[in-house]
Amino acid sequence: MKTILFVYGSGGHREQSKRLLKNNNRPNQIIEMTETGVTPILSTEKAYFIPEMNSKYYGPLLSFPRTFFVSFYQGLITLIILIRHKPNKIVSTGPLIGAVPLLIGRIFKKDTIFIESWSRFSDSSKTGKFAKRFVRTVLYQNKEMASKYPNGKYSGRL
Amino acid sequence: MKIFVTTGTTKFNSLVKEVISLSENTLMKIILQCPSKTINHPRITHFQFTENIDKYYKSADIVITHAGAGTCYRLLESGIKPIVVPNLERSDSHQREIALYIENNKYSSVCWEIEKIEEHINKHADSNFIEYQKDDFFYYDFIFS
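Only a predicted model underlies this, so the values are computations on that prediction, with no experimental measurement involved.

### A word on the interface of chain A and chain B
Part 1: In this assembly, 22 residues from chain A lie in contact with 20 residues from chain B.
Part 2: With three residues, the top contributor of residues to the side of chain A that touches chain B is helix α1 (residues 12–22) of chain A.

Pasting the structure below:
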């Protein structure tokens, strides 16, 4: 049995993680990290919530420091998850919420997987541009993205 | 005619405005899902969120949707050909990308100019679209083993 931390945001990012988790036919322990207000896919008991990273409601002046503090908070939560649950893998379907846990996971030599969004056909996401530098595996769902992820793997679409 | 309009979890004010205007000029029955708390209009049934959105997709004659990937793929996988309206009010470009993908592959119709939504509704039933196809995800073992 493995412990896998899934990190995802709202809307389509959650839907992609949901489709992944629906196909988990092994007795893995799944931990979820998502945005405050988003309903966890499997269980609220093993879910951690992070405030939305780049909320536009706070305006351009406050959005950067807010992202910085939320990232710091998320880093602490990620460390707590690493100590408490000892995940073997960290998987993220984006968006920005995936960046910090993947980076910390890589530092602690965890298996890290970033799955580029299924809506990307011509340009990679900001999180993808950042995460491809350090994650162990990048999966992309549209063949058109091959040139953006020369070391990534085409995975088919969720 | 029964029309279901969905904007997902993000606001799409220009589409909502056009839908309200449409309801005032036609006899179409319109159901609208959008995150606004209230849409006070006598000819529009509105809700913010439902766990069972498929029910609304299936009971509508025409579905009008924002170009959110999750919604578009789900509709196309169900064999429903929606009128896709990309939300160009958003700062990121992924709705444009999905809309182009759907349009270029002739999976359904895309309405780039919101004020032309009625034209799209009128010609939608007579349009020929291609059945949506995809390579299914094949990395489940890699992720879960």
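### A closer look at helix α3 (residues 69–77) of chain B
Part 1: Along α3(B), seven of the nine residues are buried, which leaves the element largely enclosed by surrounding structure.
Part 2: On its buried side, α3(B) packs onto α1 of chain A together with β1 (2–6), α2 (53–59), β4 (62–66), β5 (83–85) and α4 (94–104) of chain B.
Part 3: Immediately downstream of α3(B), the backbone of G79(B) shows phi near 85 degrees, a positive value.

### Overview of the pairing of β1(B)
All names here are of chain B.
Part 1: In terms of burial, β1 is largely enclosed, as four of its five residues are buried.
Part 2: Relative to strand β2 (residues 29–33), β1 runs parallel, the two sharing five bridges. Residue pairing across strands places F4 opposite I31, the latter belonging to β2.
Part 3: Where the polypeptide runs from β1 across helix α1 (residues 13–25) and back to β2, its parallel neighbour, the crossover connection is right-handed.

### Describing the nonpolar core
Part 1: One finds L5(A), C72(B), V84(B), V85(B) and I102(B) to be the most contacted residues of the largest nonpolar core, which totals 65 residues.
Part 2: Setting aside chain neighbours within four positions, we find V84(B) in contact with T65(B), A67(B), C72(B), A99(B), I102(B), S108(B), V110(B) and C111(B).

### Looking at the pairing of β4(B)
Every regular strand shows the same layout, with side chains that alternate between the two sheet faces.
All names here are of chain B.
Part 1: Most of β4 sits inside the fold, with four of its five residues counted as buried.
Part 2: Pairing of β4 with β5 involves three bridges; the strand directions are parallel. Within the sheet, the bridge partner assigned to H66 lies in β5 and is V85.
Part 3: Taken together, β4, α3 and β5 form a β-α-β motif whose crossover is right-handed.

### Topic: the sheet that holds β2(B)
Residue and element names in this part refer to chain B.
Part 1: In space, the six strands of this open sheet follow the order β3-β2-β1-β4-β5-β6, with parallel pairing throughout. A single partner strand is all that each edge strand has here, and the edge strands are β3 (44–47) and β6 (109–110).
Part 2: Two strands pair when backbone bridges link them, and β5 and β6 are joined in this way by two bridges, in the parallel orientation. In the sheet register, I83 faces β6, and the bridge partner there is S109.
Part 3: Helix α5 (residues 117–124) rests against β4, β5 and β6 of the sheet, and its axis sits at about 160 degrees to β5.

Conventions adopted
Chains are numbered independently. Their residues run from 1 in the order of the written sequence. Ligands are numbered from 1 and chains lettered from A, in the order in which they are written. Restriction of local features to residues with pLDDT of at least 70 applies here, the model being predicted, together with a cutoff of 80 or more for giving and counting side-chain atom pairs; totals for whole chains, interfaces and linings are based on all residues. Contacts here follow a simple rule: the backbone-placed C-beta atoms of the two residues must lie within 7 Å. A run of H or I in DSSP counts as a helix once it spans at least four residues, and a run of E counts as a strand once it spans at least two, with each numbered from the N terminus. Once C-beta atoms are placed from the backbone, each residue is buried if 20 or more other C-beta atoms lie within 10 Å of its own, exposed if 12 or fewer, and partly exposed for counts between those two. Pairs of strands are assigned from DSSP output, requiring at least two bridges between the strands. Crossover handedness is defined by viewing with both strands directed away from the observer: a clockwise path from the first strand over the helix to the second marks the crossover as right-handed. Among buried residues, those of type Ala, Val, Leu, Ile, Met, Phe, Trp, Tyr and Cys that are joined through C-beta atoms within 7 Å form a set called a nonpolar core. The angle between two axes is taken between their N-to-C directions and runs from 0 to 180 degrees, where each axis is a line fitted to C-alpha atoms and a helix contributes only its stretch in contact.

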